[in-house]
Amino acid sequence: MNKERRLKMESLLMIRFILPLLIVLTMSLMVVVWLYIRTADLLGEEVETSNRLLLEQGMNVLDKRWEAIDTFIRRVTEDPKVVRLQQIAEPFSSSNLYRTIEARNKLQDYYSPNELIAGYYILFKNNGLVLNNDYTARLEDFAEYVRYPERPQHYLQSLVQSYHYRDMTPAEPVIRQDGETLLTYMRSFGYANRPNGTVLVLIHNSEITKLFNGFRTDRGWAYIADEKGKLLTSVVGPGAQLPEQRLPLPAGSGVMNRTVGQDDMVVTYATSSYNGWSYVAAQPAKIALKKITYMKEMTTTVFLLFMLLSCLIGVYMAYRSSKPVRSILQTLASGSVGLTAPKRQGAFGMIHQSVALLLASQRELQDSMERQLPFLRTAFFERLLRGQFQSEADMEAVREHARIAWVGSSCLVALVTFPKRAAVYRTADIEALNRNKRLARELAHESDADNLFTHDVDDDKLALLMQFDMEDAGLIHQQANRLLEQLQLRLRQECGIMAVISAGNAYASRMDIARSFSEAQQALARSTDGRIVWFRELPPNTGSCYYPESMETRLINLVRTGRTEQLQSLLEELYQHNFVQRSLPVYMLKVFYFDLLASSFKIFPEIGESPAGQQAAEELNEPADNAESIEAHFLQLKVKLESMCEAAARQRADHQQQWFLDILEQVKSGYSDPQLSLALLADRYDVTEAHLSRLFKERIGINFIEFTENLRIEHSKRLLLQTGLPVREIAVSVGYSSSSTFGRAFKRSVGISAMAFRNSEKWEADKN
């Protein structure tokens, strides 16, 4: 056991000893945290309720004042003496002056000064008269008496020409006797299509902004907007900036948290039922919830200090308690423990002996596995060369277990043999052959150690599995031929061994390695001298049929696994070799045909072929004694094999579809489990994570994580709208370990936060 591993084990041991103490501490602190959260929630609700009531109280006061102003305007404009002035063309003529004075005196009965109104004026459209209880002038003179510096010159004249109903202009400088910021409240009298005049009421802006005095506006702001969203007046605290756009607010009144610019704000809002105006006040959350923030900081500080002190005490206690066990680890690390450990008294002595025995057993098991690894690799290459793997996935699983690394994209197989007449020893015994193969193996690995594997085929044959990082057959042939020539030359010059070498064709698929091996065997059988024999250079053998053992194994595996395209390619190759390229006699064609027919009968029971299908295949058992009949029977058998392959493919697809549906049901029923993961499902259904992830992408168009997140978000939407559960409880119920993780996922999927979604949907429902 090395030092790093021993230190790691000691650290884990310390954690095991300290964990119970930490669990007890955590449970106690969780109660404190729960009490803190509940207290903070109550204080937050109290602050929010106080702010809302304060804003509603100010809004109600202003609504009553607006109602009083509207009542005053209505009484003034309906007074008979004022109504008569609307029809007089010259109010200052000698005949009408008395009526003008009489109307002004009458206004004394209606008007009572208050702190909100800076002044009021009745502007008559037909005669240009401006009148109140203590002021009479023409409109052009009134424009000099009351001026709007930021408005056009004829602004007052334009007001008389238009119809106004409870219109309010935003707070702006107005020069009357002394300049101050005023709001102008306007209401016309007459008809909408023919106004006779307008009543202007000047409102002290300072009296309205007193409404917000109860709010702390440090780095905050407040405003009043009319029903169309136009800003009427505002208050902006130091270091703050009023948002350019009015905030979208639900109907009624309330308090909500909004991010405005870069700041988290507590926004209190109320909507007037009298005129539809919006009253909004915003404060930074840290200021609005100062008490809560202070309590949070203090609680967090005390919590961290207490946890630190508890951890230090726990570490010390765990160190003392784990000392005997660490002593055992140190003894194991020193290497003095063998199969029999020194006897010690007590429980730790028993542990010491048990661990020593387990360690010895583990070492023995590892040694056994290492000893078995060469046999596992030998079995892998034997199956690979014989074409006994049903699929590439099956082959890859065994390859990974045997710890064999593939290099390159194309492969070919060469065979090296040592004929008796070419051996150094006159008697080519087993020892001589083994020596020759060992030398050939060493020289082959020296020439290309990374891209070459060797395997003993028979007593006198050595297979070379060569891999190449290219796909061009000509270039592969040149490179492989050069390596084989170098090997043959070195065997002859350095070892005095005459080797005969043959090679099959190169293929891009590793499932074709067995085919290349079979070709190398055929080429070796036709070798006549010491040159390298390539299957690609051999003339066709017209004396025998082409149906090697590896080809039969591959055909059976293709039908079993339902790979129709590859089966068609293999059958076409058999057809070309036996019916086109070779002029075989009729009896040899029959041998080939019956061998192929026998292979097909081996597959019937495995794929569940019906009796009727087997009977149809048996009818192919009597070809006539001519090449045309045998060829026709071969083509019929080819169609039968292809149909069997398609049936097997459908069975596999149906099985895989049902299997994948079971996985989907598992995800749909268990999405609320935070431990649900792709690795967990892959382990449960005995597949790889990559394969399962690819199935999700192919079958439903999205990956596993997106599918699970969609399920959780959709369920959370229903809980947000149909229940009053807090967001943190909803997050846990749909499978998220924390509300922050849920919040990020919800905003990523929906575009807004969970609280904003709940408020906006409820507002839409109330509005409808």
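These lines cover the structure that appears in this document, whether it is placed above or below.

Conventions we followed
Residues numbered from 1 in each chain as written. Predicted model: local features only at pLDDT ≥ 70, side-chain atom pairs only at ≥ 80, totals over all residues. Heavy atoms only, no water. Helix = DSSP H or I, 4+ residues; strand = E, 2+ residues; numbered from the N terminus. Buried < 20%, exposed > 50% of the residue type's maximum accessible area, 1.4 Å probe, protein only. Contact = heavy atoms within 4.5 Å. Areas by Shrake-Rupley, 256 points an atom, 1.4 Å probe, with all protein chains shown as cover. Phe/Tyr/Trp six-rings, centres within 6.5 Å; stacked < 30°, edge-to-face > 60°. Lys NZ or Arg CZ within 6 Å of the ring centre and 35° of its normal. 1 Å grid on protein atoms, 1.4 Å probe; cavity = no way out; pocket = protein on both sides within 12 Å on 5 of 7 lines; lining within 4 Å. Points joined across faces, edges and corners; volume = space filled by probe spheres on them. Nonpolar A, V, L, I, M, F, W, Y, C, P; charged D, E, K, R; others polar. Polar contact = N/O pair within 3.5 Å; in protein donor to acceptor, adjacent residues only side chain to side chain. Salt bridge = Lys/Arg side-chain N within 4 Å of Asp/Glu carboxyl O. Pairing = 2+ DSSP bridges. Axes fitted to C-alpha atoms, helices over the stretch in contact; angles between N-to-C directions. Patch = residues over 30% accessible without salt bridge, like charges linked within 9 Å, V, L, I, M, F, W, Y side chains within 5 Å. Expected span 1.5 Å × (residues − 1). Core = buried A, V, L, I, M, F, W, Y, C linked by side-chain atoms within 4.5 Å. Parallel < 35°, antiparallel > 145°, perpendicular 65-115°, else oblique.

## Topic: the overall build of the protein
If you tally the helices and strands in the protein, you get 25 helices and 16 strands. Put simply, the protein has 768 residues, and 42% of those count as buried. Contacts in the protein between residues far apart in sequence, at least 24 positions, make up 62% of those at least 6 positions apart. For the protein, the accessible surface area stands at approximately 42000 Å², while carbon and sulfur atoms represent 52% of it.

## Structural notes on the packing of aromatic side chains
Taken as a whole and assessed by the stated rule, the structure comprises 30 aromatic pairs. Arranged with centres 6.0 Å apart and planes meeting at 50°, the rings of Phe 696 and Phe 707 form a pair that is tilted. A residue pair is termed long-range when its members are at least 10 positions apart, and Phe 696 in helix H21 (residues 689-700) and Phe 707 in helix H22 (residues 704-722) qualify at 11 residues. By the burial criterion, Phe 696 is buried, and Phe 707 matches it. Each member of the aromatic cluster is reached from another via a ring pair, and the members are Tyr 547, Tyr 575, Phe 579, Phe 592 and Phe 634. Seen from the ring of Tyr 274, Arg 166 lies directly overhead, with NZ or CZ sitting 4.3 Å from the centre. A cation over a ring is seen here: Arg 712 above Tyr 736, with NZ or CZ 5.5 Å from the ring centre.

## Observations regarding empty space enclosed by the protein
For the coordinates displayed, the defined rule picks out four cavities of 30 Å³ or more. Approximately 110 Å³ is the volume attributed to the largest cavity. Surrounding the largest cavity, 14 residues form its lining, Gly 387, Phe 389, Met 511, Arg 554 and Asn 557 being those nearest its centre. Counted by class, the lining of the largest cavity contains six nonpolar, five polar and three charged residues.

## What to know about the side chain of Ser 502
Inspection of the secondary structure assignment puts Ser 502 in strand S15 (residues 500-503). One polar contact links the side chain of Ser 502 to the main-chain carbonyl oxygen of Ala 520, over a distance of 2.8 Å. Setting aside anything within four residues of it in sequence, one finds Ser 502 in contact with Val 413, Ala 414, Leu 415, Ala 520, Ala 523, Leu 524 and Val 533.

## Some points on unusual backbone geometry
Positive phi values are uncommon outside glycine, yet Arg 166 reaches one of about 55°. Position of Arg 166 among the secondary structure elements: in the loop between helix H5 (155-161) and strand S4 (167-175). Of the residues examined, Arg 166 reaches a relative accessible area of 24% and is grouped as partly exposed.

## A few points about the pattern of salt bridges
A complete count under the given rule lists 18 salt bridges for this structure. Residues participating in the shared-partner salt-bridge network are Asp 70, Arg 166 and Arg 187.

## Quick notes on the sheet that holds strand S11 (residues 278-284)
Read across the sheet, five strands follow the order S8-S7-S11-S10-S9 without closing on themselves; strand pairing throughout is antiparallel. Two strands in the sheet have a free side with no partner beyond their single neighbour: strand S8 (231-236) and strand S9 (254-260). Each strand of the sheet is rotated relative to its neighbour by a mean of 20°, with strand direction disregarded. Bridging between strand S7 (residues 221-225) and S8 involves five bridges; their strand directions are antiparallel. Following the sheet pairing, Ala 222 is matched in S8 by Val 235.

## A closer look at the side chain of Arg 399
Locating Arg 399 in the fold gives a position in helix H11 (residues 392-401). The class for Arg 399 is buried, based on a relative accessible area of 12%. One polar contact links Arg 399 to Glu 396, side chain to side chain, over a distance of 2.8 Å. Dropping the residues within four chain positions of it, Arg 399 is found in contact with Phe 380, Ile 404, Ala 405 and Trp 406.

## A word on the layout of surface pockets
One number sums up the size of the second largest pocket: a volume of about 1100 Å³. Lining of the second largest pocket is provided by 27 residues; of these, Ser 391, Ala 393, Arg 652, Gln 656 and His 691 occupy positions nearest its centre. Only H11, helix H19 (627-670) and H21 provide two or more residues apiece to the lining of the second largest pocket. Per-element accounting of the lining of the second largest pocket gives the leading share, seven residues, to H19. By residue class, the composition of the lining of the second largest pocket is nine nonpolar, eight polar and 10 charged.

## Side note on a nonpolar patch on the surface
Taken together, the side chains of Val 33, Ile 37, Phe 303 and Leu 304 define a hydrophobic patch exposed on the protein surface, amounting to about 290 Å² of accessible area. Elements that contribute at least two residues to the nonpolar patch include exactly helix H1 (3-78) and helix H8 (290-321). Here Leu 304 shows up in helix H8.

## Brief notes about the pairing of S7
The element S7 is extensively covered by neighbouring structure, given that five of its five residues are classed as buried. On S7, burial covers both faces: Trp 221, Tyr 223 and Ala 225 on one face and Ala 222 and Ile 224 on the other are all buried. Here S7 runs beside S11; their pairing, made up of five bridges, is antiparallel. Along S11, the bridge assignment pairs Ile 224 with Tyr 279. Connecting S7 to the antiparallel partner S8 that follows it, the hairpin turn spans five residues, and Gly 229 within it adopts a positive phi of roughly 90°.

## Some thoughts on helix H15 (residues 549-561)
The end-to-end C-alpha separation of H15 is 19 Å, in line with the 18 Å expected for 13 residues at 1.5 Å each. With 11 of 13 residues buried, H15 lies mostly within the body of the structure. Residues of H15 that are buried: Ser 550, Met 551, Glu 552, Thr 553, Arg 554, Leu 555, Ile 556, Asn 557, Leu 558, Val 559 and Thr 561. Of the residues trailing H15, Gly 562 is marked for its positive phi of about 75°.

## Section: the nonpolar core
If you look at the biggest cluster of nonpolar residues, it comprises 39 residues, and the most contacted ones within it are Trp 66, Ile 69, Ile 122, Val 201, Ile 203, Ile 224 and Tyr 279. No other element matches H1, which puts eight residues into this core. Apart from residues no more than four positions distant in its own chain, Ile 122 is found in contact with Val 76, Val 82, Leu 107, Leu 129, Val 130, Leu 131, Phe 189, Thr 198 and Val 199. Counting residues in hydrophobic clusters, the runner-up holds 28 residues, among them Tyr 547, Leu 567, Ile 630 and Met 644.

## A look at the sheet that holds strand S13 (residues 452-458)
A sheet is described by the order of its strands in space; here five strands give the open sequence S13-S14-S12-S15-S16, paired in mixed fashion. The two strands at the open ends of the sheet, each matched to only one other strand, are S13 and strand S16 (533-534). Across the sheet, helix H13 (residues 473-494) touches strand S12 (410-417), strand S14 (461-468), S15 and S16, and the angle it forms with S14 is around 140°. Across the sheet, helix H14 (residues 513-525) is in contact with S12, S13, S14, S15 and S16; its angle to S12 comes to roughly 35°.

## Topic: the packing of H15 against H19
At a minimum axis separation of 6 Å, H15 and H19 run at an interaxial angle of 45°. Classified by the interaxial angle, the pair formed by H15 and H19 is oblique. On the side of H15, the interface is formed by Leu 555, Leu 558, Val 559, Arg 560 and Thr 561, while H19 contributes Leu 641, Met 644, Cys 645, Ala 648 and Arg 652. Residue composition of the contact of H15 with H19, by class: seven nonpolar, one polar and two charged.

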